[in-house]
Amino acid sequence: MSANPSAVPAEPKTTQLTLPVEGMTCASCVARVERVLKKVPDVVDASVNLATESAVVHMTAPNQAALISAIEDAGYAVPMSTQTFGIEGMTCASCVARVERALLKVPNVVSASVNLATEQATVTGLATPAALFAAVEDAGYEPQALAAASSANEALLERKAEEQDGLKRDLAIAAVLTLPVFILEMGSHMFMGFHHWIAATIGTHNSWLMQFVLTTLVLLFPGRRFYSKGFPALFKGAPDMNSLVAVGSMAAYAYSVVATFAPCLLPEGTVFVYFEAAAVIVTLILLGRYLEARAKGRTSEAIQRLVGLQAKTARVERDGVMLELPIAEVRLGDVLEVRPGERIAVDGVVLSGQSFVDEAMISGEPVPVEKQEGAMVTGATVNQNGSLRYQATAVGETTVLAQIIRMVSDAQGGKLPIQTAVDKVTLWFVPAVMALAALTFAAWWLWGPEPRLTFALVNAVAVLIIACPCAMGLATPTSIMVGTGRGAELGVLFRKGEALQGLQEVSVVAVDKTGTLTEGKPELTDLILAAGFEREHVLPLIAAAENRSEHPIARAIVNAAESEGMALPELTQFQSLTGLGIAAETATHNIAVGADRYMRSLGLDVSVFQDDAERLAEQGKSPLYAAIDGRLAAILAVADPIKASTPAAIQALHSMGLKVVMISGDNQRTAEAIARQLHIDEVVAEVMPDGKVATLKTLQQQGKVAFIGDGINDAPALAQADVGLAVGTGTDIAIEAADVVLMSGRLTAVSDAIALSRATIANIRQNLFWAFAYNVALIPVAAGLLYPHFGILLSPMFAAGAMALSSVFVLSNALRLRRFKP
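Residues numbered from 1 in each chain as written. Predicted model: local features only at pLDDT ≥ 70, side-chain atom pairs only at ≥ 80, totals over all residues. Heavy atoms only, no water.

Per an unreviewed UniProt entry, the protein goes by Heavy metal translocating P-type ATPase and derives from Vitreoscilla massiliensis. Note on the protein: under the UniProt heading Sequence similarities (unreviewed entry), the record states "Belongs to the cation transport ATPase (P-type) (TC 3.A.3) family. Type IB subfamily." (UniProt positions renumbered as here; feature names shortened; annotations may be inferred.)

1. Brief notes about the overall build of the protein
Across its full length, the protein holds 31 helices and 29 strands. Across the 822 residues that make up the protein, the buried fraction comes to 52%. In the protein, the share of contacts with a sequence separation of at least 24, taken over all contacts with a separation of at least 6, comes to 68%. Of the roughly 35,900 Å² of accessible surface on the protein, a fraction of 58% belongs to carbon and sulfur atoms. (Helix = DSSP H or I, 4+ residues; strand = E, 2+ residues; numbered from the N terminus. Buried < 20%, exposed > 50% of the residue type's maximum accessible area, 1.4 Å probe, protein only. Contact = heavy atoms within 4.5 Å. Areas by Shrake-Rupley, 256 points an atom, 1.4 Å probe, with all protein chains shown as cover.)

2. So, the UniProt feature "transmembrane region" (unreviewed entry) in the protein
According to UniProt, the positions carrying the feature "transmembrane region" (unreviewed entry) are residues 171-191, 197-221, 242-265, 271-291, 425-447, 453-476, 768-787 and 793-815. What you have in residues 242-265 is 83% helix and 0% strand, and the ends, taken at the C-alpha atoms, are 29 Å apart. From the first C-alpha to the last, residues 768-787 spans 28 Å; its make-up is 85% helix and 0% strand.

3. Digging into the packing of aromatic side chains
All told, the structure shown has 13 aromatic pairs when counted by the stated rule. Ring centres of Phe-231 and Phe-235 lie 6.1 Å apart, and the angle between their planes is 15 degrees; this geometry places the pair in the stacked category. Of this pair, Phe-231 and Phe-235 both sit in helix H8 (residues 224-235), four residues apart, roughly one helical turn. Accessibility expressed as a relative area gives 21% for Phe-231, which makes it partly exposed. Grouping aromatic residues by their ring pairs yields a cluster made of Phe-212, Tyr-253, Phe-261 and Phe-275. Its guanidinium or amino end placed over the ring of Trp-445, Arg-452 lies 5.7 Å from that ring's centre, counting from NZ or CZ. (Phe/Tyr/Trp six-rings, centres within 6.5 Å; stacked < 30°, edge-to-face > 60°. Lys NZ or Arg CZ within 6 Å of the ring centre and 35° of its normal.)

4. Some details on H8
With 12 residues, H8 should reach 16 Å at 1.5 Å per residue; the first-to-last C-alpha distance of 17 Å fits that figure. One or two steps after H8, the chain reaches Gly-237, where phi turns positive at roughly 80 degrees. (Expected span 1.5 Å × (residues − 1).)

5. Section: the sheet that holds strand E15 (residues 382-383)
Ordered in space as E13-E12-E15, the three strands form an open sheet in which the pairing is antiparallel. Unpaired on one side and paired on the other, strand E13 (369-371) and E15 mark the two borders of the sheet. Inspection of the sheet shows strand E12 (residues 355-358) paired to E15 by two bridges, in the antiparallel sense. Residue pairing in the sheet places Val-357 in a bridge with Asn-383 of E15. (Pairing = 2+ DSSP bridges.)

6. Some thoughts on the packing of helix H24 (residues 646-655) against helix H29 (residues 748-783)
Interaxial distance between H24 and H29 falls to 7 Å at its minimum, and their mutual angle equals 30 degrees. Relative to H29, the element H24 lies roughly parallel. Judged by residue contacts, Ala-648, Ala-649, Ala-652 and Leu-653 of H24 engage Thr-748, Val-750, Ser-751 and Ile-754 from H29. Of the residues that constitute the contact of H24 with H29, the class distribution is six nonpolar, two polar and no charged. (Axes fitted to C-alpha atoms, helices over the stretch in contact; angles between N-to-C directions. Parallel < 35°, antiparallel > 145°, perpendicular 65-115°, else oblique. Nonpolar A, V, L, I, M, F, W, Y, C, P; charged D, E, K, R; others polar.)

7. Digging into the pairing of strand E24 (residues 631-639)
If a strand is regular, its side chains alternate between the two faces of the sheet. Within E24, eight of the nine residues are buried, which leaves the element mostly enclosed by the surrounding structure. In this structure, strand E23 (residues 622-628) lies alongside E24, joined through seven bridges in antiparallel fashion. Bridging from a neighbouring strand, Ala-627 pairs with Leu-632 of E24. Hairpin connection from E23 to E24: two residues lie between these consecutive antiparallel strands, with Asp-629 at a positive phi of about 55 degrees.

8. Considerations on the nonpolar core
Counting residues in hydrophobic clusters, the biggest one holds 125 residues, and the most contacted among them are Ile-87, Met-90, Leu-103, Leu-503, Ile-708, Leu-725 and Ile-754. The biggest single contributor to this core is H29, with 14 residues. Excluding residues that lie within four positions of it along the chain, Ile-87 makes contacts with Val-99, Val-114, Glu-119, Ala-121, Val-136, Tyr-141, Glu-142 and Pro-143. Within the second largest apolar cluster, 43 residues are counted, among which are Leu-571, Ala-584, Tyr-598 and Ala-627. (Core = buried A, V, L, I, M, F, W, Y, C linked by side-chain atoms within 4.5 Å.)

9. Comments concerning the packing of helix H23 (residues 610-618) against helix H25 (residues 668-678)
Interaxial distance between H23 and H25 falls to 7 Å at its minimum, and their mutual angle equals 25 degrees. Between H23 and H25, the interaxial angle falls into the category roughly parallel. Here H23 runs over H25; the crossing is right-handed. Only Arg-669, Thr-670 and Ala-673 of H25 make contact with H23, whose side of the interface consists of Glu-614, Ala-617 and Glu-618. Classifying every residue of the contact of H23 with H25 gives two nonpolar, one polar and three charged. (Left-handed = near helix turned anticlockwise from the far one by under 90°.)

10. Structural notes on the sheet that holds strand E1 (residues 15-20)
An order of E1-E3-E2 is seen for the three strands of this open sheet, with the pairing classed as antiparallel. Of all the strands in the sheet, just E1 and strand E2 (43-49) have a single pairing partner and so form its edges. Within the sheet, the average angular offset between the axes of one strand and its neighbour, ignoring direction, is 15 degrees. Bridge analysis of E1 against strand E3 (residues 54-59) gives six bridges, and the strand direction is antiparallel. Residue pairing across strands places Leu-19 opposite Ala-55, the latter belonging to E3. Of the strands in this sheet, E1, E2 and E3 touch helix H2 (residues 64-73), which is tilted by about 40 degrees from E1.

11. Looking at the environment of Val-218
Along the chain, the position of Val-218 falls in helix H7 (residues 204-220). Residue classification places Val-218 among the buried residues on the basis of a relative accessible area of 0%. Once the C-alpha coordinates of Val-218 and Leu-171 are considered, the two residues, 47 residues apart in sequence, prove to be 9.7 Å apart. Each residue touching Val-218, except ones within four places of it in the same chain, is listed here: Ala-174, Leu-177, Thr-178, Gly-223, Ala-279 and Val-282.

12. Details of the side chain of Ser-355
One can find Ser-355 in strand E12. Reaching out from Ser-355, the side chain makes a polar contact with the backbone nitrogen of Gly-386 at a distance of 3.0 Å. Setting aside its immediate chain neighbours within four residues, Ser-355 contacts Val-369, Glu-370, Lys-371, Asn-383, Gln-384, Asn-385, Gly-386 and Leu-388. (Polar contact = N/O pair within 3.5 Å; in protein donor to acceptor, adjacent residues only side chain to side chain.)

13. Here's the deal with a nonpolar patch on the surface
Residues Val-213, Leu-217, Leu-220 and Phe-221 make up a contiguous nonpolar surface patch of roughly 350 Å² in combined accessible area. Assignment of secondary structure puts Leu-220 in helix H7. (Patch = residues over 30% accessible without salt bridge, like charges linked within 9 Å, V, L, I, M, F, W, Y side chains within 5 Å. Salt bridge = Lys/Arg side-chain N within 4 Å of Asp/Glu carboxyl O.)

14. What to know about the environment of Arg-225
Position of Arg-225 relative to the elements: it lies in helix H8. When the C-alpha positions of Arg-225 and Asn-242 are compared, they lie 8.1 Å apart, and in sequence the two are 17 residues distant. Excluding anything up to four places from it in sequence, Arg-225 contacts Gly-166, Leu-167, Asp-170, Leu-286 and Arg-289.

15. Focus on the pattern of salt bridges
Under the counting rule described, the total for this entry stands at 14 salt bridges. For the salt bridge of Glu-342 with Arg-339, the shortest nitrogen-to-oxygen distance reads 3.0 Å. Glu-450 is paired through a salt bridge with Arg-452; the nearest N and O atoms lie 3.2 Å apart. In this structure Glu-450 comes out as exposed when scored by relative accessible area, which is 58%. Linked by salt bridges that have partners in common, Arg-169, Asp-170 and Arg-225 make up one network.

16. Regarding helix H3 (residues 93-104)
In this model, H3 (12 residues) spans 17 Å end to end at C-alpha, consistent with the 16 Å of a helix rising 1.5 Å per residue. Within H3, 10 of the 12 residues are buried, which leaves it mostly tucked inside the rest of the structure. Along H3, the positions that sit buried rather than exposed are Ala-93, Ser-94, Cys-95, Val-96, Ala-97, Arg-98, Val-99, Glu-100, Ala-102 and Leu-103.

Right, here's the structure in full:
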């Protein structure tokens, strides 16, 4: 037959992908983005819209990563969103791996992480919630939308309580129905007299009928959960822990049913019943699930306690009247009142009154803090002996408590690098176990002693039941939950779960000086004038210039001038020169204040103050220079007292075998004076913000580096370090750039954090060792490898008990972290 010349080749099937694009400003941007997208392999067409800031791409083989890379290489950005939602129905590590694999197949998903302990998924990319939920449902699980942190936690607790109550009820029913079955069958095996009594009274066959009825009830009602989930997963080719239990218990049950009602179908000598095995397997695994649910509830106690700290109501002033309102009705700017013994409702600033406030819940510090007009107060802290009127500066999800809860939740939901290898193993573990069970059955059927069918069935069921990967799936997330929760109680917030693993690997701790090693509240100690200048003239001008700066040193100078009753002139211009100093102008004078290098850049000779500078630096003070109208006017020194906790903190870090490096913008002599006082190993001084990053890169050649800082200029260094630790009394920008937040401001919290990190990772390794060792040791026993030499076989009932205990062991071991002491 000749080819039809008019036939048209079928067009390749394409998939449409829509990406948001940031940074486009004109039509040429649109053309540029379209051009780079069309160059990506498999792209059929690309259309970019400037108004909607989006690109619509048709591809024959969807590859979102390649499209994003092309857009970013062209100088534009594709903003990603991160979605977190709950997932019901997961029981083991295989479930986790299966859900992650399903989510990663959804178009526009860049990464997906699923946590068994928190039962939550975190997905980054551009996929819609509907698409993600559909993927989870197709995988056989139930997605759940999460509300805000506090309400989400309440909903989760409610769901957990319902689950625990359901397990308790089903366990009780299963235990009541299983006990007679166990007594009837195992009593006959263990006591010959009991066997004869059964045969002489109710009869062996009637005993089997009673066991059939009771076991059927166990499997139909309390055990239904295993079959309704296990068999569909098996038929989809993605078996999970439920599949192992379902196949194992149903095999024992089905064999027993045949032996009871159609014994002629079985070979001679193999007519036995295993109803007790099926019933006991279900009961013991329900017991394990119940104990597991109770233990998992305790792993999240830290968040529960944090949520419980929130005040339920607040005394709010509305139209001149004090009203008792629910906390949700407090608005930004409201004026509130707190009486002695009450919890402060929301974050705010004190307008009037004086009291002491217990802030242990955010700082871990037991000593109450004095509060008076102008002081900041934090929601959920406890007011003690006085009354305060304060104005709300943060409410709802923006309060410090809400942010702490969010940080702890994020860290608890994180996945450590150590978990990646576990996930790869567990993804194939259940199919491998089923294959091993089939191999066990075949081996006993072909080469086992008589009754071969009985031996084959019992050992295959034992393999299926004992090899459940629950313990593997719980080993890492439960330790993370308890460890990060304990950290929150100690005032150490792990913003990312990965920081737990990274922190225990550090060998060098780099520390910023001001506000970290020191109080960050320096005082003006020296003002030495050049010839021709007077203090009453110079100090107000310097203070006026510094008044525009937020640096702690600037505040010290301003406070000194104000304390002497000096009036500060108005500025007409102000400029902050990063790493150098400041320049300002009044109506009559030009002012420059900064380091010696700044003065030299202005062409001024600072050698006249050389002796004074050396003396001040040796005292650990920071010398600054001031120039007025182009003339060097004074050298001044500001001392920042070292925090009381700093010496002990440095000593603790040394005792842990860590090298301590101080990085400072101060001159070399000042920095070395402080380093000598604190026994710091290495000093890098006169470093500008970008120099801190370069210094850290050099230190990272020696090993993993942790950096501790608190200022805006520390944010790049916090991001560069392998683990960044921000002092919680510092700025929001520094905290956002950090991996760990030290809420108390105590430097000793650094050693606490490292010790907790080491304890948590050690706990995870213990859990993983026992979870894997348990399977490695007991699967061969369950398969019957010890029988030829020792005559030892593992009953499916004991296999079920051992499997349940393995999960309980892992959870109990993780819960030991709650007793961690710094």
